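Here are the chains, one letter per residue:
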Amino acid sequence: MPEIQEVLKVSAARRLPEVPDIFHPRRYVKGLPHDAYRLLRDHHPVAWQDEPEVFGWPAGPGFWAVTRHRDVVRVLKDARTFSSQLGATQIRDPDPADLPFIRRMMLNQDPPEHGQLRRLVSRAFTPRRVDRFETAVRERARALLTTAVHTARSGDGRCDVVSAVTDDYALLNLADLLGVPPGERGLMLDWTRRVIGYQDPDEAGPAATGADGRPADPRSPAMLQDMFAFARELAAHKRRYPGDDVMTVLATDPELAVPELEMFFFLLTIAGNDTVRSAAPGGLLALARHPDGYAALRGGAVAVGPAVEELLRWHPPVLSFRRTAAADTELAGRRIRAGDKVVVFHGSANYDERVFADPGRLDLARSPNPHVSFGDGPHVCLGAHLARLQLRVLYEETCALLPAVAVAGPPQRLVSNFIHGLKSLPLRLAI
């Protein structure tokens, strides 16, 4: 009898479809790999992924890919079992020598240290500051969109809304919030491209190399010194000339050490910029491809609040986040060993048929909508409410200005297995 059971197990395993690759950054240049995600959710919800050398970056030991919503939420909420600190939060392993440095960032810490730092920076986001922020955001959205429409009308009716609207929108909003002087704001986009777009030659530019001849990690201490020096200079300026901005609050907080301030500036500059920079054009692309939905939103048949959530579900700005198993455990029937990398895939979880009815349909009134585009658990995105505010205002101003939007050419997507970014989005604005 045991022999027969073993034969049946082997036979069943042979009938399962092969595990598709969802690691390679080029897998995402045409959008979310829905077929691969669906296969994994149905047959291999926790699946081993090889981690070969890519673009000169060294091969890694491999990882467990988690694709079902329930399991993704479990991993994100259970920081005791699935640690952010042990191996940080990117798929690729950092240099062991860099780990102490990387662990200074709140994103790469576990409770209770993570919560202590989170409370410190949360003090900067007062209701008055957020209200003032919304006024400036609305004026900026209106101005950028108006200029884009005028440019489109003076030409062939088309406009790349990434270069004309959403890149500047995300960057300038964040610069206002942080209190970065106007003449220095271009640095923030350069840093974002270097750190977020390092897998994409269009974004990262010529790759710097380390002593071993391999690409230098853009998150390593050596590659971030210019950003940290700027953060220290800006903090010193804010202590002399305080303003109503986040960097003034951080620079004058006696509980925040200089290394922590540097890491907060890094986190806010990169994550704060790229979350909206990725989500905004993704939402506009979805609306352009669903004219009935856009008409319903513009006409008030659909409220903008639920629409923001559905557009975030449809186009999550972050594709994946990594944890490291702190102890032996089990997930969806698979044995996970202590030290194994465990990577959650937000785009797959957001389309899980076990949670979302007809997930391939854009339903701007969808409720409930428990997407994980901003994560879950103790590391849920610190700036989620500010990102939602910016997206809501952008869609409101787009609806107020444009009777319709239509795709005018294929979008160009970021080569990345981390950020769901758009490098270019041609839309027809003069309709």
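Asker: Before we move on, could you go through the pattern of salt bridges and cite the residues and values that matter?
Answerer: Applying the stated criterion across every chain yields a total of 30 salt bridges. For Arg-140, the salt bridge goes to Asp-176, with nearest N and O atoms at 2.9 Å. Residue Arg-140 is located in helix H6 (residues 127-154), and its partner Asp-176 is located in helix H7 (residues 161-178); the two are separated by 36 residues in the primary sequence. In this structure, Glu-309 and Arg-388 form a salt bridge, with 2.7 Å as the shortest nitrogen-oxygen distance. Of this pair, Glu-309 sits in helix H14 (residues 304-314) while Arg-388 sits in helix H16 (residues 384-401), and the two are 79 residues apart along the sequence. Taking the relative accessible area as the measure of exposure, Arg-388 reaches 29% and is therefore partly exposed. Among the charged side chains, a network of salt bridges with common partners joins Asp-35, Arg-38, Arg-41, Asp-42, Asp-352, Glu-353 and Arg-354.

Asker: Account for the nonpolar core, with residues named and values stated.
Answerer: In this structure, Leu-178, Leu-250, Phe-265 and Leu-429 are the most contacted members of the largest nonpolar core, which totals 127 residues. Here this core takes 16 residues from helix H12 (residues 258-289), the largest share from any one element. If we skip the residues at most four places from it in the chain, Leu-178 touches Met-188, Lys-238, Asp-245, Val-246, Met-247, Phe-265, Leu-268 and Thr-269.

Asker: Report on the pairing of strand E8 (residues 341-345), specifying residues and quantitative values.
Answerer: Burial runs high along E8: five of the five residues are buried. Neither face of E8 is left uncovered, since the one carrying Lys-341, Val-343 and Phe-345 and the one carrying Val-342 and Val-344 both have all their residues buried. Note: strand E2 (residues 63-66) against E8, three bridges, orientation parallel. Within the sheet, the bridge partner assigned to Val-66 lies in E8 and is Val-344.

Rules behind the numbers
- Residues numbered from 1 in each chain as written.
- Predicted model: local features only at pLDDT ≥ 70, side-chain atom pairs only at ≥ 80, totals over all residues.
- Heavy atoms only, no water.
- Salt bridge = Lys/Arg side-chain N within 4 Å of Asp/Glu carboxyl O.
- Helix = DSSP H or I, 4+ residues; strand = E, 2+ residues; numbered from the N terminus.
- Buried < 20%, exposed > 50% of the residue type's maximum accessible area, 1.4 Å probe, protein only.
- Core = buried A, V, L, I, M, F, W, Y, C linked by side-chain atoms within 4.5 Å.
- Contact = heavy atoms within 4.5 Å.
- Pairing = 2+ DSSP bridges.

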